[in-house]
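Structural characterization, general
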Amino acid sequence: SRGKVRSLTVNISKRGQYARSEDTRAKILGAAMRLADQSSFQSVSVAAIAREAGLAIGILNSHFGSKKQLLAEMMTTRMQDFVSRLSPRVNGEDFFAYEQSLLRAYLGFLHDHPTYVRLAEEVRHLAPNVYRQGVSLHVAEIADRIRSGIQQGDLREMGETEIQAQAYFLQGAYTYLDRCLEDEQYVGDEVVLTAMDNLIRGGLQPARS
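Glancing now at the pattern of salt bridges. As enumerated under the stated definition, the model contains 13 salt bridges in all. Between Arg156 and Glu162 there is a salt bridge whose closest N-O contact spans 2.5 Å. Note that Asp197 is salt-bridged to Arg201, the shortest N-O span being 2.9 Å. Of this pair, Asp197 and Arg201 both sit in helix α9 (residues 189-204), 4 residues apart, which is roughly one turn of that helix.

Attention shifts here to the packing of aromatic side chains. For the structure shown, the criterion picks out 6 aromatic pairs. Arranged with centres 5.1 Å apart and planes meeting at 70°, the rings of Phe109 and Tyr116 form a pair that is edge-to-face. Taken together, the ring pairs connect Phe82, Tyr106, Phe109, Tyr116 and Tyr174 into an aromatic cluster. The ring of Phe41 has Lys67 lying over it, and the distance from NZ or CZ to the ring centre is 5.0 Å. Over the ring of Phe96 we find Arg201, and its NZ or CZ is 4.4 Å from the ring centre.

What counts and what doesn't
Residues numbered from 1 in each chain as written. Predicted model: local features only at pLDDT ≥ 70, side-chain atom pairs only at ≥ 80, totals over all residues. Heavy atoms only, no water. Salt bridge = Lys/Arg side-chain N within 4 Å of Asp/Glu carboxyl O. Helix = DSSP H or I, 4+ residues; strand = E, 2+ residues; numbered from the N terminus. Phe/Tyr/Trp six-rings, centres within 6.5 Å; stacked < 30°, edge-to-face > 60°. Lys NZ or Arg CZ within 6 Å of the ring centre and 35° of its normal.

Below, the structure written as C-alpha coordinates:
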(Lines give C-alpha, C1' and ligand atoms only; values in the text may rest on other atoms or scores of the structure.)
Protein backbone atom coordinates (compact mmCIF):
# COMPACT_ATOMS: atom_id res chain seq x y z
CA SER A 1 0.00 0.00 0.00
CA ARG A 2 2.79 2.40 0.92
CA GLY A 3 4.54 1.52 -2.35
CA LYS A 4 1.42 2.38 -4.35
CA VAL A 5 1.06 5.72 -2.55
CA ARG A 6 4.73 6.51 -3.15
CA SER A 7 4.41 5.58 -6.85
CA LEU A 8 1.28 7.72 -7.22
CA THR A 9 3.03 10.67 -5.53
CA VAL A 10 6.00 10.35 -7.91
CA ASN A 11 3.71 10.19 -10.96
CA ILE A 12 1.77 13.27 -9.86
CA SER A 13 5.06 15.08 -9.25
CA LYS A 14 6.29 14.16 -12.75
CA ARG A 15 3.06 15.36 -14.33
CA GLY A 16 3.39 18.62 -12.43
CA GLN A 17 6.98 19.06 -13.62
CA TYR A 18 5.93 18.31 -17.22
CA ALA A 19 3.11 20.87 -17.04
CA ARG A 20 5.50 23.50 -15.65
CA SER A 21 8.00 22.69 -18.40
CA GLU A 22 5.33 23.11 -21.09
CA ASP A 23 4.17 26.37 -19.51
CA THR A 24 7.75 27.66 -19.55
CA ARG A 25 8.21 26.71 -23.22
CA ALA A 26 4.95 28.46 -24.09
CA LYS A 27 6.06 31.56 -22.18
CA ILE A 28 9.38 31.63 -24.06
CA LEU A 29 7.68 31.14 -27.45
CA GLY A 30 5.15 33.89 -26.69
CA ALA A 31 7.93 36.31 -25.72
CA ALA A 32 9.97 35.48 -28.83
CA MET A 33 6.96 35.97 -31.11
CA ARG A 34 6.05 39.32 -29.55
CA LEU A 35 9.57 40.64 -30.01
CA ALA A 36 9.90 39.21 -33.53
CA ASP A 37 6.62 40.90 -34.47
CA GLN A 38 8.12 44.26 -33.49
CA SER A 39 11.25 43.99 -35.66
CA SER A 40 12.73 40.70 -36.80
CA PHE A 41 13.75 37.53 -35.04
CA GLN A 42 17.36 37.83 -36.21
CA SER A 43 17.72 41.21 -34.50
CA VAL A 44 16.30 39.97 -31.20
CA SER A 45 18.85 38.73 -28.68
CA VAL A 46 18.42 35.69 -26.44
CA ALA A 47 18.82 38.02 -23.45
CA ALA A 48 15.93 40.19 -24.67
CA ILE A 49 13.69 37.13 -25.09
CA ALA A 50 14.56 35.93 -21.60
CA ARG A 51 13.77 39.39 -20.18
CA GLU A 52 10.45 39.52 -22.03
CA ALA A 53 9.55 36.07 -20.70
CA GLY A 54 10.67 36.97 -17.16
CA LEU A 55 13.11 34.05 -17.09
CA ALA A 56 16.84 33.52 -16.71
CA ILE A 57 18.85 32.97 -19.91
CA GLY A 58 19.90 29.57 -18.62
CA ILE A 59 16.28 28.43 -18.43
CA LEU A 60 15.70 29.55 -22.02
CA ASN A 61 18.80 27.68 -23.18
CA SER A 62 17.73 24.52 -21.36
CA HIS A 63 14.43 24.49 -23.29
CA PHE A 64 15.81 25.61 -26.66
CA GLY A 65 19.41 24.70 -27.39
CA SER A 66 19.85 27.45 -29.94
CA LYS A 67 18.17 30.45 -31.49
CA LYS A 68 17.72 28.43 -34.66
CA GLN A 69 15.79 25.77 -32.72
CA LEU A 70 13.60 28.46 -31.18
CA LEU A 71 12.92 29.91 -34.63
CA ALA A 72 11.91 26.49 -35.97
CA GLU A 73 9.56 26.03 -33.00
CA MET A 74 8.01 29.45 -33.63
CA MET A 75 7.34 28.48 -37.25
CA THR A 76 5.82 25.18 -36.15
CA THR A 77 3.56 26.99 -33.69
CA ARG A 78 2.36 29.39 -36.38
CA MET A 79 1.62 26.52 -38.76
CA GLN A 80 -0.28 24.63 -36.06
CA ASP A 81 -2.44 27.73 -35.71
CA PHE A 82 -3.15 27.65 -39.45
CA VAL A 83 -3.91 23.91 -39.48
CA SER A 84 -6.34 24.36 -36.57
CA ARG A 85 -8.42 26.67 -38.82
CA LEU A 86 -8.92 24.06 -41.53
CA SER A 87 -12.17 22.14 -41.81
CA PRO A 88 -12.17 18.58 -43.13
CA ARG A 89 -13.45 18.04 -46.63
CA VAL A 90 -17.23 17.69 -46.69
CA ASN A 91 -18.52 14.53 -48.34
CA GLY A 92 -19.32 15.36 -51.96
CA GLU A 93 -17.43 18.68 -51.92
CA ASP A 94 -15.54 19.07 -55.18
CA PHE A 95 -11.83 19.78 -55.46
CA PHE A 96 -12.21 23.46 -56.36
CA ALA A 97 -14.68 24.29 -53.59
CA TYR A 98 -12.37 22.69 -51.03
CA GLU A 99 -9.31 24.54 -52.38
CA GLN A 100 -11.25 27.79 -52.06
CA SER A 101 -12.03 27.01 -48.41
CA LEU A 102 -8.33 26.30 -47.74
CA LEU A 103 -7.25 29.51 -49.48
CA ARG A 104 -9.82 31.53 -47.54
CA ALA A 105 -8.55 30.05 -44.28
CA TYR A 106 -4.98 30.89 -45.27
CA LEU A 107 -5.88 34.49 -46.09
CA GLY A 108 -7.54 34.80 -42.68
CA PHE A 109 -4.41 33.39 -41.06
CA LEU A 110 -2.20 35.90 -42.91
CA HIS A 111 -4.44 38.80 -41.87
CA ASP A 112 -4.17 37.68 -38.23
CA HIS A 113 -0.40 37.15 -38.45
CA PRO A 114 0.94 39.87 -40.79
CA THR A 115 4.55 39.16 -39.79
CA TYR A 116 4.32 35.47 -40.77
CA VAL A 117 5.83 36.14 -44.21
CA ARG A 118 8.89 37.76 -42.66
CA LEU A 119 9.21 34.90 -40.18
CA ALA A 120 9.08 32.36 -43.02
CA GLU A 121 11.80 34.26 -44.87
CA GLU A 122 13.99 34.22 -41.76
CA VAL A 123 13.48 30.47 -41.48
CA ARG A 124 14.46 30.11 -45.15
CA HIS A 125 17.75 31.96 -44.53
CA LEU A 126 18.63 30.84 -40.99
CA ALA A 127 17.25 27.27 -41.02
CA PRO A 128 17.03 26.25 -44.70
CA ASN A 129 16.56 22.56 -43.88
CA VAL A 130 13.51 23.35 -41.77
CA TYR A 131 12.13 25.55 -44.55
CA ARG A 132 12.68 22.87 -47.21
CA GLN A 133 11.01 20.25 -45.04
CA GLY A 134 7.99 22.52 -44.61
CA VAL A 135 7.74 23.12 -48.37
CA SER A 136 8.09 19.38 -49.09
CA LEU A 137 5.30 18.53 -46.65
CA HIS A 138 3.02 21.18 -48.16
CA VAL A 139 3.72 19.96 -51.70
CA ALA A 140 3.01 16.35 -50.66
CA GLU A 141 -0.34 17.40 -49.14
CA ILE A 142 -1.33 19.29 -52.30
CA ALA A 143 -0.31 16.33 -54.49
CA ASP A 144 -2.56 14.07 -52.37
CA ARG A 145 -5.47 16.47 -52.90
CA ILE A 146 -4.85 16.49 -56.66
CA ARG A 147 -4.84 12.68 -56.76
CA SER A 148 -8.10 12.66 -54.82
CA GLY A 149 -9.57 15.22 -57.25
CA ILE A 150 -8.61 13.01 -60.21
CA GLN A 151 -10.15 9.94 -58.58
CA GLN A 152 -13.48 11.65 -58.00
CA GLY A 153 -13.55 13.07 -61.53
CA ASP A 154 -13.11 16.78 -60.74
CA LEU A 155 -9.72 16.98 -62.47
CA ARG A 156 -8.37 15.67 -65.74
CA GLU A 157 -6.16 12.61 -65.79
CA MET A 158 -2.44 13.31 -65.40
CA GLY A 159 0.70 11.35 -64.65
CA GLU A 160 2.63 11.43 -61.41
CA THR A 161 5.29 13.76 -62.83
CA GLU A 162 2.69 16.37 -63.75
CA ILE A 163 0.91 15.93 -60.41
CA GLN A 164 4.15 16.82 -58.64
CA ALA A 165 4.74 19.82 -60.93
CA GLN A 166 1.18 21.09 -60.42
CA ALA A 167 1.57 20.66 -56.65
CA TYR A 168 4.70 22.84 -56.73
CA PHE A 169 2.86 25.46 -58.80
CA LEU A 170 0.03 25.56 -56.25
CA GLN A 171 2.51 25.78 -53.39
CA GLY A 172 4.03 28.77 -55.17
CA ALA A 173 0.56 30.30 -55.46
CA TYR A 174 0.32 30.27 -51.66
CA THR A 175 3.59 32.21 -51.59
CA TYR A 176 2.00 34.65 -54.03
CA LEU A 177 -0.74 35.23 -51.46
CA ASP A 178 1.94 36.09 -48.90
CA ARG A 179 3.39 38.72 -51.17
CA CYS A 180 0.03 39.98 -52.34
CA LEU A 181 -1.09 40.97 -48.84
CA GLU A 182 2.13 42.93 -48.31
CA ASP A 183 1.28 45.23 -51.23
CA GLU A 184 -0.01 48.64 -50.12
CA GLN A 185 -2.48 48.48 -53.04
CA TYR A 186 -3.89 45.08 -52.02
CA VAL A 187 -6.94 44.41 -54.19
CA GLY A 188 -8.93 42.51 -51.54
CA ASP A 189 -9.59 38.91 -50.59
CA GLU A 190 -12.49 38.24 -52.97
CA VAL A 191 -10.60 39.46 -56.04
CA VAL A 192 -7.59 37.35 -55.07
CA LEU A 193 -9.72 34.25 -54.40
CA THR A 194 -11.44 34.58 -57.78
CA ALA A 195 -8.10 35.00 -59.56
CA MET A 196 -6.67 31.97 -57.76
CA ASP A 197 -9.74 29.88 -58.58
CA ASN A 198 -9.44 30.78 -62.28
CA LEU A 199 -5.72 29.96 -62.19
CA ILE A 200 -6.27 26.56 -60.57
CA ARG A 201 -9.17 25.62 -62.85
CA GLY A 202 -7.21 26.64 -65.94
CA GLY A 203 -4.29 24.41 -64.98
CA LEU A 204 -6.12 21.34 -63.71
CA GLN A 205 -9.40 21.05 -65.61
CA PRO A 206 -9.60 19.73 -69.17
CA ALA A 207 -9.82 22.43 -71.86
CA ARG A 208 -13.35 23.00 -73.13
CA SER A 209 -13.83 22.11 -76.77
